[in-house]
Amino acid sequence: MAEEKEKVIEVRNVKKVYRMGSERITAVEDVSFDIYKGEFCCLLGTSGSGKSTLLNLMAGIEKLTSGQIIIKGKNIHKMSEKNLAKFRQKYLGFVFQSYNLMNSMTALENVEFPLVFKRIPPKRRKKMARDMLVKVGLKTRLEHKPKQMSGGQQQRVGIARAFVAKPEIVFADEPTGNLDTKTTMEVMELIKEVARANNQTIVMVTHDRRLAEFADKIIRILDGRIESIDLLNSDEKMDKESVEDTQEPESFQEVAKKKEEKKVEKKVDEEDNIQSLIVTQSETTSGSEVTGDNELEETSAATVESD
Ligand SMILES: Nc1ncnc2c1ncn2[C@@H]1O[C@H](COP(=O)(O)OP(=O)(O)OP(=O)(O)O)[C@@H](O)[C@H]1O
């Protein structure tokens, strides 16, 4: 719940239309809402409802068709690419379903990443990255590379990376979509706890209404429009009876649970999994900004390694 009523994100009459040949797909239609400092806000909807598009618009990754997105008083879609990139580095953090870690780098180096942009001296940023990894329970995995860690551990590294520079806002797109039920709950608790400790604002996309219950505010998206906005507090959880099922056939968590029940040993090749998901991620996110950020990250990776 927001402790101060400072508006950090204002979404005003936002519309996004994709053009595919002669076809026009309206992914987001006339969406308006506000998010306040310290709020944990969830965009909840079925597959194809437009929630990821909305998140990407809010992060400035996708271009608007019309409307406005104001973050910390700035109309982000009026910024130059360069200023937007700087703005993102200063105020925003990201957690992705596919972790998006650099496979050639250790956990420590991955978490140092955003601190390089902030020009924090190597010794200090190493300490900050280390402290953050300890906080997320990875004290014994500092020198491990992503493929030497489980999915849950990799997502903890992803969370440490997103939060280490203490960004005011963290965007998370299905952050637990690739994890089993137990790890999902641990990761959700972790995100919530870290954000609470620093009064950070979270905007999370999910199709899973159980995960939405971690939020203070649930914005339900249906066919690109807002269906409802619910405010929750810790004592007042969503009335499951009144909540319309999100109609997702089976979440990753449900599948994982069933497999656990049947005592099926599941060995996932993490490296292949991450690579294919990263490809999916880059296929689903469009726009030159994404490419720009990746280039930026590659550049800074070299900086980390050369320090
Ligand atoms: N780059 C694109 N080009 C054309 N249509 C797109 C593009 N990205 C998304 N869409 C369409 O916009 C709509 C909303 O997609 P979006 O990815 O935002 O939904 P979502 O709710 O996040 O779904 P999911 O949970 O499956 O990721 C869908 O109909 C989708 O097919």
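Use the structure listed above.
Because the structure is predicted, anything quoted here is derived from the model rather than measured.

### What about the pattern of salt bridges?
Scanning the entire structure with this criterion turns up 19 salt bridges. Salt-bridge contacts for Glu112 lead to Lys126; the nearest nitrogen and oxygen are separated by 3.7 Å. Of this pair, Glu112 sits in helix 3 (residues 107-117) while Lys126 sits in helix 4 (residues 122-135), and the two are 14 residues apart along the sequence. For Lys182, the salt bridge identified is with Glu186, shortest N-O distance 3.1 Å. With a gap of four residues between them, Lys182 and Glu186 both fall in helix 6 (residues 181-197), about one helical turn apart. We classify Lys182 as exposed; its relative accessible area is 58%.

### Structural notes on helix 4
With 14 residues, helix 4 extends 20 Å from end C-alpha to end C-alpha; this agrees with the ideal 20 Å at 1.5 Å per step. Within helix 4, burial applies to Arg125, Ala129, Met132 and Leu133. The buried residues of helix 4 occupy an angular sector of 100 degrees when the element is viewed end-on, so they sit on one face. Counted as exposed and oriented over 90 degrees from the buried face of helix 4: Lys123, Arg124 and Lys127. Gly137 occupies a position one or two residues after helix 4 and carries a positive phi of about 85 degrees.

### Topic: the sheet that holds strand 4 (residues 66-71)
As summarised here, the arrangement of the four strands in space is 2-1-4-5, forming an open sheet in which the pairing is antiparallel. Each end of this open sheet is capped by a strand with a single partner; those strands are strand 2 (23-36) and strand 5 (74-75). Of the pairings in the sheet, the one linking strand 4 to strand 5 comprises two bridges and is antiparallel in character. Counted as the bridge partner of Ile70 is Asn75 from strand 5. Seen against the sheet, helix 1 (residues 51-58) touches strand 1 (7-20), strand 2 and strand 4 and runs at an angle of roughly 60 degrees to strand 2.

### Focus on the packing of aromatic side chains
Applying the stated criterion across every chain yields a total of three aromatic pairs. Both rings, one in Phe87 and one in Tyr91, keep their centres 4.8 Å apart while their planes meet at 55 degrees; by these two values the pair is tilted. Taken as a pair, Phe87 and Tyr91 lie in helix 2 (residues 81-91) at a separation of four residues, close to a single helical turn. Each of the two residues, Phe87 as well as Tyr91, counts as buried. Summarising the aromatic geometry, the rings of Phe94 and Phe96 are spaced 6.1 Å apart at their centres and angled 5 degrees between planes, so their arrangement reads as stacked. Residue class for Phe94 comes out buried when judged on its relative accessible area of 18%. When its relative accessible area of 17% is taken as the criterion, Phe96 is described as buried. Taken together through their ring pairs, the aromatic side chains of Phe94, Phe96 and Phe171 make up a single cluster.

### Some words on the side chain of Asp173
The residue Asp173 is located in strand 7 (residues 169-173) in this model. Here Asp173 is buried and forms no salt bridge, its nearest opposite-charge partner Lys51 lying at an N-O distance of 6.9 Å. Here Asp173 is in contact with Ser52, Leu55, Val95, Phe96, Gln97 and Val205, once residues within four sequence places are set aside.

### So, the environment of Lys166
As for its position among the elements, Lys166 is in the loop between helix 5 (151-163) and strand 7. When the C-alpha atoms of Lys166 and Asn199 are compared, they prove to be 9.6 Å apart, with 33 residues separating the residues in sequence. In contact with Lys166, other than residues within four places in its own chain, are Asn198 and Gln200.

### Digging into the site of the ligand
Residues in close proximity to the ligand include Tyr18, Met20, Ile25, Ala27, Thr46, Ser47, Gly48, Ser49, Gly50, Lys51, Ser52 and Thr53, which together make up its full environment. Here an oxygen atom of the ligand and a backbone polar atom of Thr46 are 3.4 Å apart. Within the side chain of Ser52, a nitrogen or oxygen atom sits 2.8 Å from an oxygen atom of the ligand. Taking 630 Å² as the accessible area of the ligand by itself, protein coverage stands at 65%.

### Comments concerning the packing of helix 3 against helix 5
It is the contact of helix 3 with helix 5, at a shortest axis distance of 7 Å, that shows an interaxial angle of 30 degrees. Viewed along their axes, helix 3 and helix 5 adopt a mutual orientation that is roughly parallel. For the element pair helix 3 and helix 5, the recorded crossing hand is right-handed. Note on element contacts: helix 5 touches helix 3 through Val157, Ala160 and Arg161, opposite Ala107, Asn110, Val111, Phe113 and Pro114.

### Points about the pairing of strand 8 (residues 201-206)
Along strand 8, six of the six residues are buried, which leaves the element largely enclosed by surrounding structure. Of the pairings in the sheet, the one linking strand 3 (residues 40-44) to strand 8 comprises five bridges and is parallel in character. Its bridge partner lying in strand 8, Cys42 is registered against Met204. Bridge count for strand 7 against strand 8 is five bridges, and the pairing is parallel. Each bridged residue has a counterpart across the sheet, and for Asp173 the counterpart in strand 8 is Val205. Where the polypeptide runs from strand 7 across helix 6 and back to strand 8, its parallel neighbour, the crossover connection is right-handed.

Parameters and conventions
Note on numbering: residues in each chain are counted from 1, in written sequence order. Whole-chain, interface and lining totals are the exception, using all residues; otherwise, since this is a predicted model, local features are given only for residues with pLDDT of at least 70 and side-chain atom pairs are given and counted only at 80 or more. The side-chain figures draw on all heavy atoms in the structure; neither hydrogens nor water molecules are used. We define a salt bridge as a side-chain nitrogen of Lys or Arg found within 4 Å of a carboxyl oxygen belonging to Asp or Glu. Strands here are runs of E lasting at least two residues and helices are runs of H or I lasting at least four, both read from the DSSP assignment and numbered beginning at the N terminus. A simple rule labels every residue: compare its accessible area, found with a 1.4 Å probe on the protein chains alone, to the largest value its type can have, and call it buried under 20%, exposed over 50%, or partly exposed in between. Here, expected helix span is obtained from the residue count minus one, scaled by 1.5 Å. It is the directions from the helix axis to the C-beta atoms that the arc portrays. Any two strands with at least two DSSP-identified bridges between them are counted as paired. By definition, residues are in contact when any of their heavy atoms lie within 4.5 Å. In this description, a line fitted to the C-alpha atoms serves as the axis of each element, helices being fitted only across the stretch in contact, and the angle between N-to-C directions of two axes falls anywhere from 0 to 180 degrees. When the centres of two rings from Phe, Tyr and Trp lie within 6.5 Å, Trp using its six-membered ring, the rings pair. Their planes under 30 degrees apart give stacked, over 60 give edge-to-face, and anything left gives tilted. In this tally, Lys and Arg are treated as positive and Asp and Glu as negative; His is ignored, and so are the chain termini. Residues are labelled near a given molecule or strand when at least one of their non-hydrogen atoms is within 4 Å of it. Polar contact is defined as a pair of N or O atoms within 3.5 Å, subject to the rule that within protein one atom must be able to donate a hydrogen and the other to accept it, and that residues adjacent in sequence are counted only when both atoms are side-chain atoms. In this description, accessible areas are obtained by the Shrake-Rupley approach with a 1.4 Å probe, and a residue is regarded as covered only by the protein chains that are shown. For this classification, under 35 degrees means roughly parallel, over 145 means roughly antiparallel, 65 to 115 means roughly perpendicular, and everything else is oblique. The handedness criterion is simple: a crossing whose near helix is rotated anticlockwise from the far helix by less than a right angle is left-handed, and one whose near helix is rotated clockwise is right-handed. Crossovers are marked right-handed if the path from the first strand over the helix to the second runs clockwise, as seen with the strands pointing away from the viewer.

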